[in-house]
Amino acid sequence: MTRLDSPSEPETEAAVACDGPRSLLLEAREVPLGGVRGMSVHRSLPQRALPMVGAWCFLDRFGPQTTTMRVEPHPHIGLQTVTWPFVGEVRHRDTIGSDVVVRRGVLNLMTSGAGIAHSEYSVGDGPVPLDALQLWVALPESRRHGERDFERIEDLPVVDLGGGSSACVVVGEFAGTLSPARMYTPIVGAEVFLPAGTRTALPLTPAWEYAVVGVSGAPVVHTPDPLAVSDLGLLYLGRDRDSVEIVAHEDATVFLLGGEPFESDIVMWWNFVGRSHDEIVEAREAWEAGTERFGHVVGHGDERIPAPPLPGVRLTQRRRHL
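Worth saying up front: this structure is predicted, and the values here are computed from it rather than measured.

Parameters and conventions
- Residues numbered from 1 in each chain as written.
- Predicted model: local features only at pLDDT ≥ 70, side-chain atom pairs only at ≥ 80, totals over all residues.
- Heavy atoms only, no water.
- Helix = DSSP H or I, 4+ residues; strand = E, 2+ residues; numbered from the N terminus.
- Rg over C-alpha atoms; globule rule 2.2 N^0.38 Å.
- Buried < 20%, exposed > 50% of the residue type's maximum accessible area, 1.4 Å probe, protein only.
- Contact = heavy atoms within 4.5 Å.
- Areas by Shrake-Rupley, 256 points an atom, 1.4 Å probe, with all protein chains shown as cover.
- Lys, Arg positive; Asp, Glu negative; His and termini not counted.
- Charge placed at Lys NZ, Arg CZ, Asp CG, Glu CD.
- Pairing = 2+ DSSP bridges.
- Axes fitted to C-alpha atoms, helices over the stretch in contact; angles between N-to-C directions.
- Phe/Tyr/Trp six-rings, centres within 6.5 Å; stacked < 30°, edge-to-face > 60°.
- Lys NZ or Arg CZ within 6 Å of the ring centre and 35° of its normal.
- Salt bridge = Lys/Arg side-chain N within 4 Å of Asp/Glu carboxyl O.
- Expected span 1.5 Å × (residues − 1).

1. Side note on the overall build of the chain
Part 1 of the reasoning: The number of helices and strands found in the chain is 1 helix and 26 strands.
Part 2 of the reasoning: The C-alpha atoms of the chain give 19 Å as radius of gyration, which agrees with the globular expectation for 322 residues (20 Å, within 12%).
Part 3 of the reasoning: Dimensions along the principal axes, computed over C-alpha positions, put the chain at roughly 55 × 40 × 35 Å.
Part 4 of the reasoning: Relative to its 322 residues, the chain shows a buried fraction of 57%.
Part 5 of the reasoning: Long-range pairs, those at least 24 residues apart, make up 73% of the contacts in the chain with a sequence separation of at least 6.
Part 6 of the reasoning: About 12500 Å² of surface is accessible on the chain, with carbon and sulfur atoms providing 50% of the total.
Part 7 of the reasoning: Counting 28 positive and 43 negative side-chain charges, the chain places the averaged centre of each group 4 Å from the other.

This is the structure:
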């Protein structure tokens, strides 16, 4: 998925101070997608105070809505895209020949390495119901200059959390269960279902940092202060926790993000994740020149999303303010 915001875009946040691990409740903000505001997209990461959670550096939710998605070919560097649908189907095509339909319960993981391009179209000619998360994972130095890759995983492990609660381990490791997805930093991304009337403890790794993303049902997370997480909210939990308790007054779903704090600060602009202003400039010029760095998306002609103008100042690394 492509993004058109600038690093200076405003964010809204409400901090909750407490002894021990820090909690920060952040609301998603609406941003344009593909230059057209006909599709509602809400962004939870990055935020001004919180640019990353572990290696997670970007989180959009598109939906729930009825719309026609037409995201033309666009480039990425230095990241993995994690597409996780709730409703609807989206056709993914990329420059290594992948042509698949993204649907509920199936992980689609694209690794850009030094450069890749892809497109995303909703299935069908007219508006259809769509709802999904689109996430990016920053690649570490050891992998970000490597080959591009794509994998599709239909059989993901599920953890029984008791009382009817369960967690689908989309990427990484949770509660001693490992997803088969190829990741390059210690990480977790898991969809957690909580039946109405349940109180569920999610096991955590104290050395990692975590966030709980609301999907549905507005469950209450005890941090220890009770905080309701709406379907457009992200609750940052920080580090030094071995568990967190969530209470669901109605059927609820959350997405758990977490991982080892990332190895370095990043420079993120448009669809690129790098380490310096010069890297971003080089990638932009390569895309605009149509070089082989990004290749050609299968099934497309000359249509593509042009890169926006660079800002009039040097891009700097994103640093958290927590």
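2. Side note on the side chain of His42
Part 1 of the reasoning: Among the secondary structure elements, His42 is positioned in strand β4 (residues 36-45).
Part 2 of the reasoning: For His42, the contacting residues outside a window of four places in its chain are Ala28, Arg29, Glu30, Leu59, Asp60, Arg61 and Leu232.

3. Some points on the sheet that holds strand β21 (residues 226-228)
Part 1 of the reasoning: What the 4 strands build is an open sheet, ordered β18-β23-β20-β21; its pairing is antiparallel. With one partner strand each, in any of the chains shown, β18 (198-203) and β21 form the two edges of the open sheet. Strand-to-strand twist in this sheet, taken as the mean axis angle between neighbours without regard to direction, amounts to 25°.
Part 2 of the reasoning: Here 3 bridges tie strand β20 (residues 220-222) to β21, and the two strands are oriented antiparallel to one another. Note that in β21 the partner of Val221 across the bridge is Leu227.

4. Side note on the packing of aromatic side chains
Part 1 of the reasoning: Taken as a whole, this structure holds 7 aromatic pairs when the rule is applied.
Part 2 of the reasoning: Judged by centre distance (6.2 Å) and plane angle (55°), the ring pair of Trp269 and Trp270 falls under tilted. Here the two residues Trp269 and Trp270 agree in accessibility, since each one is buried.
Part 3 of the reasoning: Judged by centre distance (6.3 Å) and plane angle (45°), the rings of Trp269 and Phe272 are tilted.
Part 4 of the reasoning: We note Arg93 situated over the ring of Tyr121; from NZ or CZ to the ring centre the distance is 5.1 Å.
Part 5 of the reasoning: Over the face of the ring belonging to Tyr184 we find Arg143, whose NZ or CZ atom lies 5.0 Å from the ring centre.

5. Re the sheet that holds strand β11 (residues 116-122)
The strands making up a sheet associate through hydrogen bonds between their backbones, and the pairing can be parallel or antiparallel.
Part 1 of the reasoning: The 4 strands are arranged β6-β11-β8-β9 in an open sheet whose pairing can be described as antiparallel. Since the sheet does not close on itself, it has two edges, and those belong to β6 (70-76) and β9 (99-102), each with one partner. Between one strand axis and the next, the sheet turns through 20° on average, direction left out of account.
Part 2 of the reasoning: As judged from the 4 bridges shared by strand β8 (residues 90-94) and β9, these two strands associate in the antiparallel manner. Considered in β9, the bridge of His92 is made with Val100.

6. Things to note about the pattern of salt bridges
Part 1 of the reasoning: Within this structure, the stated rule accounts for 13 salt bridges.
Part 2 of the reasoning: Here Arg144 ties to Glu279 by a salt bridge, and the two come within 2.9 Å at their closest N and O atoms. Taken together, the positions of Arg144 in the loop between β12 (128-138) and β13 (149-153) and Glu279 in helix α1 (residues 277-288) put the pair 135 residues apart, joining distant regions of the chain.
Part 3 of the reasoning: Residue classification places Arg144 among the buried residues on the basis of a relative accessible area of 7%.
Part 4 of the reasoning: By relative accessible area, Glu279 is classed as partly exposed at 21%.
Part 5 of the reasoning: Taken together, the salt bridges that share partners define one network made up of Glu141, Arg144 and Glu279.

7. As for the environment of Gly88
Part 1 of the reasoning: Along the chain, Gly88 falls in the loop between β7 (79-87) and β8.
Part 2 of the reasoning: Between the alpha carbons of Gly88 and Leu257 there is a distance of 23 Å; along the sequence they are 169 residues apart.
Part 3 of the reasoning: If sequence neighbours within four positions are ignored, Gly88 has contacts with Val102, Arg103, Pro129 and Leu130.

8. Brief notes about α1
It helps to recall that an α-helix has 3.6 residues per turn; residues three or four apart then point in one direction.
Part 1 of the reasoning: Between its first and last C-alpha atoms α1 spans 17 Å; for 12 residues at 1.5 Å apiece the expected length is 16 Å, and the two agree.
Part 2 of the reasoning: Looking only at α1, the buried set comprises His277, Ile280, Val281, Ala283, Arg284, Ala286 and Trp287.
Part 3 of the reasoning: One or two residues past the end of α1 sits Gly290, with phi positive at roughly 70°.

9. Considering the pairing of β7
Part 1 of the reasoning: Across the 9 residues of β7, 8 count as buried, placing the element largely inside the fold.
Part 2 of the reasoning: Direction of pairing for β7 relative to β12: antiparallel, over a ladder of 8 bridges. Bridging across to β12, Thr81 finds its partner in Trp136.
Part 3 of the reasoning: Both β7 and strand β10 (residues 107-111) contribute to a ladder of 4 bridges, which runs antiparallel. Paired with Val82 across the strands is Leu109, a residue of β10.

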